[in-house]
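One-letter residues, chain by chain:
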Amino acid sequence: MEIKGKVHEVGATQQVSETFKKRDLIIEYAENPTYPEYIRFEALQDKTALLDTFKAGDEVEVFFNLRGRPWTDKQGKTSYFNSLVIWRINAVAAGAPAAAPAYAAPVDVSSTPGEDDDLPF
């Protein structure tokens, strides 16, 4: 999945355990500019370094996986949690049009000069 928005906040890297670290990224997503949404993403392990070059106000495109898991408390009540886990992030130039994909020029394969078309169909 992917989303474009503006960096609102880049969190510090948190060393959760000896072998696990994470970092939060808050994106301002303004599908309706009157009511922007603030969406929290997580970068895990080596992906935490992806956020080093970004700061508040940067326009970005975030590529992420949607994850969910249940958790049962001591009373037996089950709650469900979702997380948006970053796997890539790109800077987006403000106001720049999307680059057109590069394609090879079309080639006329209908006939070759000097050859007769003797195909029966």
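Per an unreviewed UniProt entry, the chain is named DUF3127 domain-containing protein, and its organism is Pedobacter roseus.

Moving on, we get to the packing of aromatic side chains. Within the structure shown, the criterion is met by two aromatic pairs. Aromatic pair Phe-41 and Phe-64: ring centres 5.1 Å apart, planes at 65°, arrangement edge-to-face. Highlighted residues: Phe-41 in strand S4 (residues 37-44) and Phe-64 in strand S5 (residues 59-72), separated in sequence by 23 residues. Classification of Phe-41 by relative accessible area gives buried; the value is 0%. Relative to Trp-87, the ring of Phe-63 lies with its centre 5.6 Å away and its plane at 55°, an arrangement referred to as tilted. Here Phe-63, found in strand S5, pairs with Trp-87, found in strand S6 (residues 78-91); they are 24 residues apart in sequence, far enough to count as distant. Owing to a relative accessible area of 37%, Trp-87 belongs among the partly exposed residues under this scheme.

Criteria and thresholds
- Residues numbered from 1 in each chain as written.
- Predicted model: local features only at pLDDT ≥ 70, side-chain atom pairs only at ≥ 80, totals over all residues.
- Heavy atoms only, no water.
- Phe/Tyr/Trp six-rings, centres within 6.5 Å; stacked < 30°, edge-to-face > 60°.
- Helix = DSSP H or I, 4+ residues; strand = E, 2+ residues; numbered from the N terminus.
- Buried < 20%, exposed > 50% of the residue type's maximum accessible area, 1.4 Å probe, protein only.

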